[in-house]
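Tertiary structure, described
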Amino acid sequence: MDVNGTVAEGFEPVREAFVRNFEVLGERGAAVAVYRDGRRVVDLWAGTKDVDGTKDVDGTADSAPWERGTAQIVRSATKGVAAAALLLLHQRGLLDLDAPVGEYWPEFKAVGKERVLVRHVLSHQAGLPVLDRPLTPEEALDPLRGAEAVARQALVWEPGTDHGYHALTYGWLLGELVRRVTGRDVGDWIAEEIAGPVGADLWVGLPAAEAGRVGRSGRVEAPGNAGGLRSRPKRSVTEAYDDPASLTRRAFAAITPFPDQNDLAYRAASLPATNGIATAEGLARFYASLVGEVGGGPRLFTPGTLAAARAEESAGPDRVLVINTRFGLGYMLHGSASPFLDAGSFGHPGRGGSLGFADPESGIAFGYVTNGFSKTVTADPRAQALVRALRAALPA
């Protein structure tokens, strides 16, 4: 495997794990980047830009190689970027986390949702993980249609009393809050207030000018344990996904059928739960900027906002993922469902592979993107191999 890029002295184990992902775990094209205390210490990429890229008999690629700057859709790793929008609005005094959502969005108060707080949206406690009438792919491309559907939807549980992963509805809830508070589309807000100032190559709503940088993604079958999930007693994750009536199946089916993630119209839409596109370096740089300055750019979170982001808000059996999960305000927290670097880490995985997180205590920020989606939801073996190698490279 021809691996490009660099690693700083002491971080060679990350390169070794990255190579092994291609040799053993079925990786097709991927990149990983790590910052430590605002300095990039890992920047690696390899494979083909497109998941279906192959090699000729002489070993040369018959599709474009992955290059510096190649980007991929990161699925739910988008949620960690989008969460920063609400937290920054709160930091600027424009949004109260303990206010009812209906204070900013009056139509939302329908069907008994007056008690849903902004805090509940970020911590997956809002009780709105499903839509009784799923959106079509065409409807889902219009963020106003998604917001209208969520506003009409009745609660599944009393807000704040339980938690369950809002796989798709999270994006419409968060996006509409940003629009109501700022008057701007959430993707535009992220571009102008987050990605632009910190110099991160990431987008929610891909500009046409950047479309050529993004590779085709698709399903890959990794050998060995592809799950990494622990099921609750007496009910397996497989059963939950197979049951059309389960909250699990319904939450992931809020758009039915799910759009082709290689479709240009889907990539250009503003869906802050699912369709963010990033380079590994951009994802790592974003998380590095949450906890410190990078290259003279701004530190995004104040110490108070950082503490709020990673303070546990919900934990235990997740009514949608059917495993034990931990959430802060918009971020998954280190735990068995999604192991990050250490107890203080916070971030977000993307279904099938991608991962971004920060660990303030060690000064680490991590980004991994891939064009090959496996069956994993929160703990992909390839990402976890890189995290273990990174942990081993740090001083004890």
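Focus: the packing of helix 2 (residues 78–91) against helix 8 (residues 186–198)
Packed helix pairs are characterised by how far apart their axes lie and by the angle those axes make with each other. For the pair helix 2 and helix 8, interaxial distance at closest approach is 10 Å and the crossing angle is 75°. In this view, helix 2 runs roughly perpendicular relative to helix 8, as classed from their interaxial angle. Where helix 2 approaches helix 8, its residues Val81, Ala82, Ala84, Ala85, Leu88 and Leu89 are matched on the opposing element by Trp189, Ile190 and Ile194. Classifying every residue of the contact of helix 2 with helix 8 by side-chain character gives 9 nonpolar, no polar and no charged.

Concerning the pairing of strand 13 (residues 364–370)
With 7 of 7 residues buried, strand 13 is to be regarded as a mostly interior element. Of the two faces of strand 13, both are covered, the one formed by Ile364, Phe366, Tyr368 and Thr370 as well as the one formed by Ala365, Gly367 and Val369. Pairing of strand 2 (residues 29–36) with strand 13, which is carried by 7 bridges, proceeds in the antiparallel orientation. From the neighbouring strand, Val34 faces strand 13, where its bridge partner is Phe366. The hairpin formed by strand 12 (residues 355–359) and strand 13 contains 4 residues between the paired strands, and Gly363 there has a positive phi angle of roughly 75°.

Quick look at the pairing of strand 11 (residues 346–349)
Of the two faces of strand 11, the one carrying Phe346 and His348 and the one carrying Gly347 and Pro349 are both buried. Bridging between strand 10 (residues 332–333) and strand 11 involves 2 bridges; their strand directions are antiparallel. Residue pairing in the sheet places Leu333 in a bridge with Phe346 of strand 11. Of the strand pairs in this sheet, strand 11 and strand 12 are connected by 4 bridges, and their pairing is antiparallel. Looking at strand 12, one finds that His348 is bridged to Gly356. Connecting strand 11 to the antiparallel partner strand 12 that follows it, the hairpin turn spans 5 residues, and Gly352 within it adopts a positive phi of roughly 95°.

Topic: the sheet that holds strand 7 (residues 277–278)
Sheet architecture is open: 3 strands sit in the order 4-7-5, paired in antiparallel fashion. What marks the edges here is a single partner per strand, and that holds for strand 4 (72–73) and strand 5 (202–203). One ladder, built from 2 bridges, connects strand 4 with strand 7; its direction is antiparallel. By the bridge assignment for strand 7, Ile73 is matched with Ile277.

Digging into the confidence of the model for the protein chain
In this model, the protein chain carries an average pLDDT of 93, and 94% of its residues clear a pLDDT of 70 or more. Across residues 225–234 the pLDDT falls below 50, and counting only partners more than four positions away or on other chains, this stretch makes 26 contacts in the model.

A short note on the nonpolar core
Within the largest apolar cluster, 131 residues are counted, with the highest numbers of intra-cluster contacts made by Phe286, Leu290, Phe301, Tyr331 and Phe366. Counting residues per element, this core draws most heavily on helix 2, at 9 residues. In contact with Leu290, not counting residues within four places along its chain, are Ala84, Arg299, Leu300, Phe301, Tyr331 and Phe346.

A word on the packing of aromatic side chains
The tally for this structure, following the rule as stated, stands at 12 aromatic pairs. A ring pair is formed by Tyr241 and Phe252, whose centres lie 5.6 Å apart and whose planes are at 35°; its orientation type is tilted. A residue pair is termed long-range when its members are at least 10 positions apart, and Tyr241 in helix 9 (residues 237–242) and Phe252 in helix 10 (residues 247–252) qualify at 11 residues. Both residues of the pair, Tyr241 and Phe252, count as buried. With a centroid separation of 6.1 Å and an interplanar angle of 65°, the aromatic rings of Phe258 and Tyr266 are classed as edge-to-face. Looking at Phe258, the relative accessible area reads 35%, which means it is partly exposed. Judged by relative accessible area, Tyr266 falls into the buried class, the value being 1%. Taken together through their ring pairs, the aromatic side chains of Tyr165, Tyr241, Phe252 and Phe327 make up a single cluster. Note that Lys113 overlies the ring of Phe108, its terminal NZ or CZ placed 5.0 Å from the centroid. The residue whose ring lies beneath Arg351 is Phe252, and the NZ or CZ to ring-centre distance is 4.4 Å.

Examining the side chain of Thr378
Relative to the helices and strands, Thr378 is located in the loop between strand 14 (372–373) and helix 14 (381–393). When its relative accessible area of 5% is taken as the criterion, Thr378 is described as buried. Within the local environment of Thr378, its side chain forms a polar contact with the backbone oxygen of Ala337, the two atoms lying 2.6 Å apart.

What counts and what doesn't
- Residues numbered from 1 in each chain as written.
- Predicted model: local features only at pLDDT ≥ 70, side-chain atom pairs only at ≥ 80, totals over all residues.
- Heavy atoms only, no water.
- Axes fitted to C-alpha atoms, helices over the stretch in contact; angles between N-to-C directions.
- Helix = DSSP H or I, 4+ residues; strand = E, 2+ residues; numbered from the N terminus.
- Parallel < 35°, antiparallel > 145°, perpendicular 65-115°, else oblique.
- Contact = heavy atoms within 4.5 Å.
- Nonpolar A, V, L, I, M, F, W, Y, C, P; charged D, E, K, R; others polar.
- Buried < 20%, exposed > 50% of the residue type's maximum accessible area, 1.4 Å probe, protein only.
- Pairing = 2+ DSSP bridges.
- pLDDT = per-residue confidence, 0-100.
- Core = buried A, V, L, I, M, F, W, Y, C linked by side-chain atoms within 4.5 Å.
- Phe/Tyr/Trp six-rings, centres within 6.5 Å; stacked < 30°, edge-to-face > 60°.
- Lys NZ or Arg CZ within 6 Å of the ring centre and 35° of its normal.
- Polar contact = N/O pair within 3.5 Å; in protein donor to acceptor, adjacent residues only side chain to side chain.

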